[in-house]
Amino acid sequence: PLAEVEAHVEHTTTRVVSWDSAAVLSAVSLPPKERWSVSIRVYDRKGRCGGSSGPAKDEVSIEGLVDRAVAELASSQPDGFAGPAERYKQVDAGLGLMDRRHAQLEDEDREEAVNTQIEDVRSMTGVEPLAFRYTEVLKARAVRSSNGNARSELGTHYTMYGRVGRSDGTHTLEQSVQSRVFADVASLPLGVDLANQAVRYCDPAPVDDFALPVVISPRVIARLMEVVVPAFDRERVDAGESFLTEGRRVGSEKLHMIDDALQSGGFQTRSFDHRGVPSLDLPLIREGVVGALYQGTELARELDGRPSGHEGVDGIWPGNLILRPGTRSRNMIYPDLGPFL
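Asks: Explain the packing of aromatic side chains to me, please; I cannot follow it from the model alone.
Replies: How two aromatic rings sit relative to each other is given by the distance of their centres and the angle of their planes. According to the stated counting rule, one finds four aromatic pairs in the structure shown. Here Tyr 134 and Phe 182 contribute two aromatic rings whose centre-to-centre distance is 5.9 Å and whose plane-to-plane angle is 80°, an arrangement assigned as edge-to-face. Here Phe 182 lies in helix α3 (residues 182–187) and Tyr 134 lies in strand β5 (residues 127–145), a separation of 48 residues in the sequence. Both residues of the pair, Tyr 134 and Phe 182, belong to the buried class. Ring-pair connections join several aromatic residues into one group, and the members of that group are Tyr 134, Tyr 158 and Phe 182. Above the plane of the ring of Trp 317 lies Arg 270, whose end atom (NZ or CZ) is 4.1 Å from the centre. Across from the ring centre of Tyr 88, 4.5 Å away, lies the NZ or CZ of Arg 306, which sits over that ring.

Written as structure tokens, this is what we have:
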């Protein structure tokens, strides 16, 4: 017989406005799509756990997920630390997850946001728009477990993607902006920024043969961190499966990086993770040294600690990664560098 049950349910409504052909004058709204997904964990009195996750179209599909989770119990090993996550203090307000304007948005507003980007690029010489796409996601999440843990949240995500090329066909650039608020993606001049970058790719000059300092843009660092962050998983570190170890120096003492999944209005902000645990602020890097690590519910119990609140369906679910800025901006630093790459 089952001892305890834990479930995470997610419902998304996605709207897309797309333009990807010069033969079409303006953007087109596509029909909205809805999706339900469920993750279920079941536990027996021997401490064994079985889990399953997938889309949930109807009651039959949910019953199928439960049956799969129960069937997995037979092949799992007993774990004295298994069980639904404890109920921790919930942060209910001030996270900026939901755009207050969302209910008033019409297809006309969404299409205008895309068409403005297209026209901005068309007004510039030497470049042309290649594709623009607006994506809006209304997401409702909830966690329920047999120990009484019950949490829910509702939030919005907006993304504006653009691709621009030089008229001579030599260079193509693409980029996206993301926000919890429609006004951000609708008002930021993504098309103009891409067009200006494309225009600058002309009259190449040879690079001098002496050493140059390298400046890495925030967007490049963000892409690198997507790959690096899973290495801060305590289970991987303890098992020797990560290139990191606690206390290892990974950079200058000026380097500080925090994972703050509760930052108000952040794109990865949420009230709780897939186990229903509110996230802690994790100083992943302190003064250039590996600091706190991600840890899940079972490992936290074993270590007599608290879960970090970063569990997803298939592993670590990072929050908002924040690099503590220095006192000088890049524009202030550049003159001191001289020529740089």
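Asks: Help me understand the nonpolar core in this model?
Replies: Considering soluble globular proteins, one finds that nonpolar side chains tend to be buried as a cluster. Ranked by size, the top nonpolar core spans 22 residues in total, and within it Val 114, Phe 132, Tyr 134 and Met 160 carry the most contacts. With sequence-adjacent residues up to four places away left out, Met 160 is seen in contact with Ala 113, Val 114, Gln 117, Arg 133, Tyr 134, Gln 175, Ser 176, Val 177, Val 185 and Leu 190.

Asks: Hey, could you run me through the side chain of Ser 145 in this one?
Replies: The topology assignment puts Ser 145 in strand β5. A polar side-chain atom of Ser 145 sits 2.4 Å from a polar atom in the side chain of Asn 147. Setting aside residues no more than four positions away along its own chain, Ser 145 makes contact with Val 5, Glu 6 and Pro 84.

Asks: Mind showing me how you'd approach the layout of surface pockets here?
Replies: Rolled over the atoms, a probe as big as a water molecule pinpoints where empty space is left. In this structure, the second largest pocket spans a volume of roughly 340 Å³. Residue lining of the second largest pocket: 17 residues in total, with Arg 41, Glu 235, Gly 296, Glu 298 and Glu 311 positioned closest to the centre. Among the elements that make up the lining of the second largest pocket, the one with the highest residue count is helix α7 (residues 297–302) (three residues). Residues that form the lining of the second largest pocket fall into these classes: four nonpolar, seven polar and six charged.

Rules of the game
Residues numbered from 1 in each chain as written. Predicted model: local features only at pLDDT ≥ 70, side-chain atom pairs only at ≥ 80, totals over all residues. Heavy atoms only, no water. Phe/Tyr/Trp six-rings, centres within 6.5 Å; stacked < 30°, edge-to-face > 60°. Helix = DSSP H or I, 4+ residues; strand = E, 2+ residues; numbered from the N terminus. Buried < 20%, exposed > 50% of the residue type's maximum accessible area, 1.4 Å probe, protein only. Lys NZ or Arg CZ within 6 Å of the ring centre and 35° of its normal. Core = buried A, V, L, I, M, F, W, Y, C linked by side-chain atoms within 4.5 Å. Contact = heavy atoms within 4.5 Å. Polar contact = N/O pair within 3.5 Å; in protein donor to acceptor, adjacent residues only side chain to side chain. 1 Å grid on protein atoms, 1.4 Å probe; cavity = no way out; pocket = protein on both sides within 12 Å on 5 of 7 lines; lining within 4 Å. Points joined across faces, edges and corners; volume = space filled by probe spheres on them. Nonpolar A, V, L, I, M, F, W, Y, C, P; charged D, E, K, R; others polar.

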